[in-house]
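Next come the chains, spelled out residue by residue.
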Amino acid sequence: MLQDFLKQTAYRFGFSLRRMRGVKTRSGALGSASLGNDGEALLHAIHAVDPYAGFAYQTIPFEAQGWGSQSPAFGTLVARIRPHLIIEVGTWKGGSAMEMATHLERHALTASRILCIDTWLGALEMWGDHTEADRYGSLALKHGYPQLYYQFLANVCHQGLQPRIIPFPLPSVTAAQWLSLRGVRAELIYLDGSHEEEDVDADLTDYWDLLAPGGVIFGDDYAWTGVRMAVDRFTAEHRLHLEHLEDKWLLAKAD
Ligand SMILES: C[S@@+](CC[C@H](N)C(=O)[O-])C[C@H]1O[C@@H](n2cnc3c(N)ncnc32)[C@H](O)[C@@H]1O
């Protein structure tokens, strides 16, 4: 009751929900069991039916064009953190997720999983220039709606990485709410979704809360103004130490 009153009063005075950290949406439908870093339980909590079941991936040739997805930083971080659960925000055709999955295999982290959060509808910059084959073209519009998700799914299948990779096709903010309500905590979180300042700010805030103690959150494209502004501000506000590893920025959470 008190929470509702505070929420309504704050709204009246112009505070956004995003700024009201700690006042959580109620959703009885999501249940109360805390999933922690259990990837298998997470898969079954998200998907009633295996998303790969019956998918005729052979009809879609492997094609995994991406950005920064072959970085040595992925291998370094997987070896250093040995995560049970990795969350990726911004998956596109699966390049970075498959790279991380390969490192999980290399280090015999057999129980570890990667949760891929993406709308598979593209980011702002992908809807700009119709002549850009790697961006607009890759959305693969069918009657005006992107089919990119199926290229991602096919790529994962071609690599035989289905047991490792869990798709979660939601906007990052909604996925974060779901994960927060289910008590999910990941040891490694890769942010590569929207590169607009407000969105990066929101993703950092939301996903920092989902990072396990001792974990690392990292991301791509620090050279982009929106990314740099949001990362620098978050680092300063939380009195953290910003590191750079290969082409990625990273922030570590204390134990
Ligand atoms: C730069 S691409 C990711 C590249 C990928 N990591 C790779 O290895 O190639 C950005 C992705 O973020 C997704 N995206 C952008 N904004 C998002 C949002 N608010 N929520 C979920 N996904 C988002 C887009 O659909 C796009 O697939």
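Computed from a predicted model, the values in this text were never measured in an experiment.

## Points about the site of the ligand
Not every one of the 21 residues close to the ligand is listed here, only the nearest: Ser 96, Asp 118, Gly 122, Ser 172 and Asp 192. One of the side-chain N or O atoms of Asp 118 is found 2.7 Å from an oxygen atom in the ligand. At a separation of 3.4 Å, a nitrogen atom of the ligand approaches a polar backbone atom of Thr 119. Considered on its own, the ligand offers 600 Å² of accessible surface; in the complex 92% of this is hidden by protein.

## A closer look at the nonpolar core
Counting residues in hydrophobic clusters, the biggest one holds 37 residues, and the most contacted among them are Ile 114, Phe 152, Ile 165, Leu 188 and Phe 218. Only α3 (72–81), α4 (95–106), β2 (113–117), α5 (148–158), β6 (186–191) and β7 (211–219) provide two or more residues apiece to this core. It is α5 that contributes the most residues to this core, seven residues altogether. Excluding residues within four positions of it along the chain, Leu 188 makes contact with Leu 77, Val 78, Ile 81, Pro 83, Leu 85, Ile 86, Ile 87, Leu 211, Val 216 and Phe 218.

## Re the pattern of salt bridges
One pass over the structure, following the stated rule, counts eight salt bridges. Between Arg 164 and Glu 105 there is a salt bridge, and its shortest N-O distance comes to 2.8 Å. Pair noted here: Arg 164 is in the loop between α5 and β5 (165–168) and Glu 105 is in helix α4, with a separation of 59 residues, a long-range link. Relative accessible area serves as the criterion here: at 6%, Arg 164 is assigned to the buried category. Glu 105 sits in the partly exposed class, given a relative accessible area of 43%. For the salt bridge of Arg 233 with Glu 197, the shortest nitrogen-to-oxygen distance reads 2.8 Å. Taken together, the residues Arg 233 in helix α8 (residues 225–237) and Glu 197 in helix α7 (residues 197–209) connect sequence positions 36 residues apart.

Cut-offs used in this document
- Residues numbered from 1 in each chain as written.
- Predicted model: local features only at pLDDT ≥ 70, side-chain atom pairs only at ≥ 80, totals over all residues.
- Heavy atoms only, no water.
- Near = heavy atom within 4 Å.
- Polar contact = N/O pair within 3.5 Å; in protein donor to acceptor, adjacent residues only side chain to side chain.
- Areas by Shrake-Rupley, 256 points an atom, 1.4 Å probe, with all protein chains shown as cover.
- Core = buried A, V, L, I, M, F, W, Y, C linked by side-chain atoms within 4.5 Å.
- Buried < 20%, exposed > 50% of the residue type's maximum accessible area, 1.4 Å probe, protein only.
- Helix = DSSP H or I, 4+ residues; strand = E, 2+ residues; numbered from the N terminus.
- Contact = heavy atoms within 4.5 Å.
- Salt bridge = Lys/Arg side-chain N within 4 Å of Asp/Glu carboxyl O.

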